[in-house]
Amino acid sequence: MLTYTEVSKNKTYSVLLILIFLVIISGLGFVLGQIYGSPEILIFAVIFSFGSAFVSYFAADKIALSMSGAIPLTKEQAPELYRTVENLSMTAGLPMPRVYIINDAALNAFATGRNPQNAAVAVTSGLLQKLNQTELEGVIAHELSHVGNYDIRFMALVMVLVGTVSLLSNWFFRFSFLGNRKKEGSNPIFLLIGLGLLILSPIIATLIKLAVSRKREFLADASGALLTRYPEGLASALEKISTHSQPLSTANTATAHLFISNPLKNNLAKSQSWFTNLFNTHPPADERIRRLREMGR
């Protein structure tokens, strides 16, 4: 697992993410309030921001599981999967997370929750059918690494907060510039600032999401390999996952960064340009596999 330093970083980043989110939304509300001479817009933006932050912290895992179509599993329903999660959790010194399955032929998995005591791990039925035991252990170890270093909290917050920024930016844009209700005499400087914020806010939020997602996948790969002490298991699993081109039917851009591999499309680096990889939620699969196999030498 990662060091306590990394855990501390993720907790700090989670707080900073919420603060950045509150500043962005409040800034949008302030500028639009100036354009329309209506302080109620700022009040609405602040209230909505705090409400979204609250929901993000306490309910992001439920939102992610629901959006992915994940169904809870008992030990009796999937004894091998449950035993694998249980054994690796004990090895990692983590509480047993809730176990879910997504009935889909795609090969994928993700972990979510606000902390290890409230964590959940979900895998697709296709993953259970296609991977052997050592490969499955590699995937579960990867997801438990996300749990142990508090990636799950940070990425769950990213899912809801980035989505909220994009939604409000789109709503404010329609309201301000497409609704033909611009207030007469509005300061053109505020109009320009507002337009810039409306365009840049969702882009910046999305780039933050992509950058932190890619970094955390590399870290979870390394931590998962150390947990099983067999990097080849996860490397082999990633080969199968990355060459299986079927997308996850319930996947969307809001939750894509949570999964072990991009659930929206094939993640083969050979078919992607550097520009495409810049906007990918995950590092190139061949790079992840190469690093894992270097660990096993």
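See the structure shown above.
On a predicted model such as this, the values are computed, not experimentally measured, just so you know. (Residues numbered from 1 in each chain as written. Predicted model: local features only at pLDDT ≥ 70, side-chain atom pairs only at ≥ 80, totals over all residues. Heavy atoms only, no water.)

Enquirer: Explain the packing of helix α5 (residues 133-148) against helix α8 (residues 231-243) residue by residue, including any values.
Expert: Geometrically, a packed helix pair is captured by the angle between its two axes and the distance between the axes. At a closest axis distance of 7 Å, the pairing of α5 and α8 adopts a crossing angle of 95°. On the basis of the axis angle, α5 is roughly perpendicular to α8. Contact residues: α5 offers T134, E135, G138, V139 and H142, while α8 offers G233, L234, S236, A237, K240 and I241. (Axes fitted to C-alpha atoms, helices over the stretch in contact; angles between N-to-C directions. Helix = DSSP H or I, 4+ residues; strand = E, 2+ residues; numbered from the N terminus. Parallel < 35°, antiparallel > 145°, perpendicular 65-115°, else oblique. Contact = heavy atoms within 4.5 Å.)

Enquirer: Which residues make up the pairing of strand β2 (residues 98-102), and what values go with them?
Expert: Of all five residues in β2, four are buried; the element is thus mostly enclosed. The pairing of strand β1 (residues 71-72) with β2 spans two bridges and is classified as antiparallel. Residue I71 lies in a different strand from β2, and its bridge partner there is I101. Bridge count between β2 and strand β4 (residues 120-124): five bridges; the pairing is parallel. Bridging from a neighbouring strand, Y100 pairs with A122 of β4. (Buried < 20%, exposed > 50% of the residue type's maximum accessible area, 1.4 Å probe, protein only. Pairing = 2+ DSSP bridges.)

Enquirer: Quick one: what's the story with the pattern of salt bridges, residue by residue and with numbers?
Expert: Here the structure, examined in full by the defined rule, presents 11 salt bridges. For K240, the salt bridge identified is with E135, shortest N-O distance 2.9 Å. With K240 in helix α8 and E135 in helix α5, the pair connects residues that are 105 residues apart, well separated along the chain. Among the residues examined, E135 registers a relative accessible area of 3% and is labelled buried. Several salt bridges share partner residues, and in doing so they unite E287, R290, R291 and E294 into one network. (Salt bridge = Lys/Arg side-chain N within 4 Å of Asp/Glu carboxyl O.)

Enquirer: An account of helix α3 (residues 79-92) is needed here, citing residue identities and associated values.
Expert: In this model, α3 (14 residues) spans 20 Å end to end at C-alpha, consistent with the 20 Å of a helix rising 1.5 Å per residue. Turning to α3, its buried residues number three or more, namely L81, Y82, T84, V85, L88, S89 and A92. Seen from one end, α3 has its buried residues packed into an arc of 160°, which puts them on one side. Exposed positions of α3 whose direction lies more than 90 degrees from the buried face are E80, M90 and T91. Phi turns positive one or two residues past the end of α3, at G93, with a value near 75°. (Expected span 1.5 Å × (residues − 1). Arc of directions from axis to C-beta.)

Enquirer: Would you mind going over the packing of aromatic side chains in detail, with residue names and values included?
Expert: One pass over the full model with this rule turns up two aromatic pairs. Ring centres 4.9 Å apart and planes at 45° place the aromatic pair F54 and F58 in the tilted group. Within this pair, F54 and its partner F58 are both found in helix α2 (residues 39-67), separated by four residues, close to a single helical turn. Look at F58 and you get partly exposed, because its relative accessible area is 37%. With a centroid separation of 4.8 Å and 55° between ring planes, the pair formed by F110 and F259 is classed as tilted. Of the two residues, F110 is situated in strand β3 (residues 109-112) and F259 in the loop between α8 and α9 (274-278); the sequence distance between them amounts to 149 residues. The same class applies to F110 as to F259, namely buried. Sitting over the ring of F218, R291 keeps its end group 3.7 Å from the ring centre. (Phe/Tyr/Trp six-rings, centres within 6.5 Å; stacked < 30°, edge-to-face > 60°. Lys NZ or Arg CZ within 6 Å of the ring centre and 35° of its normal.)

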